[in-house]
Amino acid sequence: MIPYEWLEQAESRIAPYIQTTPLTHDAARNLYIKWENQQVTGSFKARGAFNKVLMLEDWEREVGLVAASAGNHGQGLALAGCEVGAKVEVFVSEHAVLAKVEAMRTLEAVIHVVSGGYPEAEVAGKFYAEEQDKTWVSPYNDGQIIAGQGTIGLELSRELADDSATWLVPVSGGGLLAGIGSALDKQVHRPRLIGVQAEVAPFMHSLFYSGTQDGIPDSPSLADGLLGEVEHGSVTIPMVKQLADEIVLVREEEIARAIAFAWYVHEKKLEGAGVVGLAAILSGKVEARPV
């Protein structure tokens, strides 16, 4: 677990660099939607990246920062690197979304393309950081990254006082789910917290229910930002098990429907990883509670 104070400190630390994103109410479906796509890099990942980078010692920034990313963590880290004058290198899969790769390059990140998927990119990045004595910045397996992501939970707790609500959170490595869970943990009557993951790559789902991710496939998905095996021994694994109430899976066609719904109903262009919670609601896997 991480101390609640870390989240409060993270919120203050990153405030000059990130946006407090809007929360809107879809009254027809009894939904509140937190539009983190309007964050500075289009993703919540900037929160954790900024908090981690700002917490580093000068020498840790000076040697250069290294990460593996499907795109969003890399963009957040690259932007934070620009702010503090640190060189950022990002290892990406050969299958990474080109628009995200170009966005990282625009933010002055050096990109290393690795054959295979995200797991291969992560292995290559960690090896490179160790070999070159550079600072490795995990997208989720780090207390300060988790604290930064958890600032969403602090915002929501102030914006949405209803403790009978169910909170739906996308999950891959578990940094966001663990962070939001940490923000809720001190509440006497806390909302129900459910992680949502793509059915084709249910790594955290398998860890949550069976304690292993052996034999889990990592198939392509519209939710490309949620793909990849969870790092063995990640601090997020016990945190998610303690803080989350449930993890549900959504199919590709349900993700596609949620993307279309966001566009036609709310006029928002969202990526697959960002709509899995909406997909769980629209598919009836989770019911919206009265407010």
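Residues numbered from 1 in each chain as written. Predicted model: local features only at pLDDT ≥ 70, side-chain atom pairs only at ≥ 80, totals over all residues. Heavy atoms only, no water.

### Here's the deal with the overall build of the protein chain
So, step 1. Looking only at helices and strands, the protein chain features 12 helices and nine strands.
So, step 2. Rg of the C-alpha trace for the protein chain: 18 Å, near the compact-globule value of 19 Å for 291 residues, within the 12% margin.
So, step 3. Taken along the three principal axes of its C-alpha coordinates, the protein chain extends 55 × 40 × 40 Å.
So, step 4. Taking all 291 residues of the protein chain together, the buried fraction comes to 53%.
So, step 5. Of the contacts formed within the protein chain by residues at least 6 apart in sequence, a portion of 69% connects residues at least 24 apart. (Helix = DSSP H or I, 4+ residues; strand = E, 2+ residues; numbered from the N terminus. Rg over C-alpha atoms; globule rule 2.2 N^0.38 Å. Buried < 20%, exposed > 50% of the residue type's maximum accessible area, 1.4 Å probe, protein only. Contact = heavy atoms within 4.5 Å.)

### Description of helix α9 (residues 203–210)
So, step 1. Turning to α9, its buried residues are F203, M204, S206, L207 and F208.
So, step 2. In this fold, the buried residues of α9 make contact with β8 (192–198), α10 (236–243) and β9 (246–250).
So, step 3. Within two residues after α9, G211 carries a phi angle of roughly 80 degrees, on the positive side.

### A closer look at the sheet that holds strand β3 (residues 65–68)
So, step 1. The sheet built from four strands is open, its strands ordered β5-β4-β3-β6 with parallel pairing. Because the sheet does not close on itself, it has two edges, and the strands there are β5 (110–114) and β6 (135–136).
So, step 2. Here β3 pairs with strand β4 (residues 88–93) via four bridges, running parallel. Bridging across to β4, L65 finds its partner in V88. (Pairing = 2+ DSSP bridges.)

### Some thoughts on the packing of helix α2 (residues 45–55) against helix α7 (residues 143–159)
So, step 1. Between α2 and α7, the least distance of the axes is 7 Å, while the angle of their chain directions is 130 degrees. It follows that α2 is oblique to α7 by the angle criterion. The way α2 lies across α7 gives a crossing that is right-handed. Contacts between α2 and α7 involve K45, R47, G48, A49, N51, K52 and M55 on the former and, on the latter, Q144, I145, A147, G148, Q149, T151, I152 and E155.
So, step 2. For the contact of α2 with α7, the class distribution of residues is five nonpolar, six polar and four charged. (Axes fitted to C-alpha atoms, helices over the stretch in contact; angles between N-to-C directions. Parallel < 35°, antiparallel > 145°, perpendicular 65-115°, else oblique. Left-handed = near helix turned anticlockwise from the far one by under 90°. Nonpolar A, V, L, I, M, F, W, Y, C, P; charged D, E, K, R; others polar.)

### Considering the pairing of strand β2 (residues 31–34)
So, step 1. The pairing of strand β1 (residues 23–26) with β2 spans four bridges and is classified as antiparallel. Across the sheet, H25 pairs through a bridge with Y32, a residue of β2.
So, step 2. A loop of four residues connects β1 with β2, the two strands running antiparallel in sequence, and N30 in this loop sits at a positive phi of about 55 degrees.

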